[in-house]
Amino acid sequence: ALTCAAYDSQEQEYAPVQITGSKTMPSGWNTIVWQRPTSYNRTAAFKGTAGRPASHEGVDYIDDRTAIASVDVNAAGAGTVVYVRTGCPQSAVFTANQTLRECGSGWGNHVVVSHGAGLYTRYAHLAPGSVVVQAGAAVVRGQRLAAMGNSGRSDVRHLHFEFGKKATPFASCSPSQSMDGVWDPERLFR
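This text gives an overview of the structure that appears in the document. Because the structure is a prediction, the values reported are computed rather than measured.

Structural notes on the packing of aromatic side chains
On inspection of all chains with the given rule, the structure shows 8 aromatic pairs. For the ring pair Y123 and F161, a centre distance of 5.3 Å and an interplane angle of 50° mean the geometry is tilted. Here the residue Y123 occupies a position in strand β7 (residues 119–126), and F161 occupies one in strand β10 (residues 158–165), the gap between them amounting to 38 residues. Residues Y123 and F161 agree in their burial class; the two are buried. Joined through ring pairs, the aromatic side chains of Y40, Y61, Y123, F161 and F189 make up one cluster. Cation over ring: R122 sits above W107, and NZ or CZ is 3.6 Å from the ring centre. A cation over an aromatic ring shows up here: K166 above the ring of F170, its NZ or CZ 5.2 Å from the ring centre.

Following this line, the structure appears as structure tokens:
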């Protein structure tokens, strides 16, 4: 299959809302050693009912401390980068982004990592120009991927972090793609 290092575009695309996974976590999740992917000073929880479109598809790790210039976003577990979406601008860091809010299907600049067995993590709203990995790269847990930002449908600097399953591989040369199901990523760290 054709591999693009990144899908770089300012287009505003629309991926379907992801479905909340079953009450039980997908098989294989507990064979991976996980760590929270960033530092933060507050969070916004995952919200969804099993089998229905999620109302908040991941957890938001928010760092709105203006004294901190940059916040690293790191791989939550070892895997392979399979999708990188870049090209989304941001109008501000600590107030609502006013520029191309649906860029990257609202995720803004984002990275998707495959952890095997159809399991993926997504790191969204990354700062423009901060992504340091490309599709095809192997990453270790804790490896820096990018910097927290405010691109896409975002109102303050934060990392929107998703954990999910997808039967078909991510297409690295295509617009943003949804997973088949998403689970509360905070469950990875319990």
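Observations concerning the pairing of strand β5 (residues 79–86)
Counting buried positions along β5 gives 7 out of 8 residues, so the element sits mostly inside the fold. Where strand β1 (residues 7–8) meets β5, 2 bridges bridge the pair, whose relative direction is parallel. For Y7, the partnering residue across the bridge sits in β5 and is R85. As paired strands, β5 and strand β8 (residues 138–139) are joined by 2 bridges and run antiparallel to one another. Opposite G79, over in β8, you have V139 as the bridge partner.

What counts, and where the lines are drawn
- Residues numbered from 1 in each chain as written.
- Predicted model: local features only at pLDDT ≥ 70, side-chain atom pairs only at ≥ 80, totals over all residues.
- Heavy atoms only, no water.
- Phe/Tyr/Trp six-rings, centres within 6.5 Å; stacked < 30°, edge-to-face > 60°.
- Helix = DSSP H or I, 4+ residues; strand = E, 2+ residues; numbered from the N terminus.
- Buried < 20%, exposed > 50% of the residue type's maximum accessible area, 1.4 Å probe, protein only.
- Lys NZ or Arg CZ within 6 Å of the ring centre and 35° of its normal.
- Pairing = 2+ DSSP bridges.

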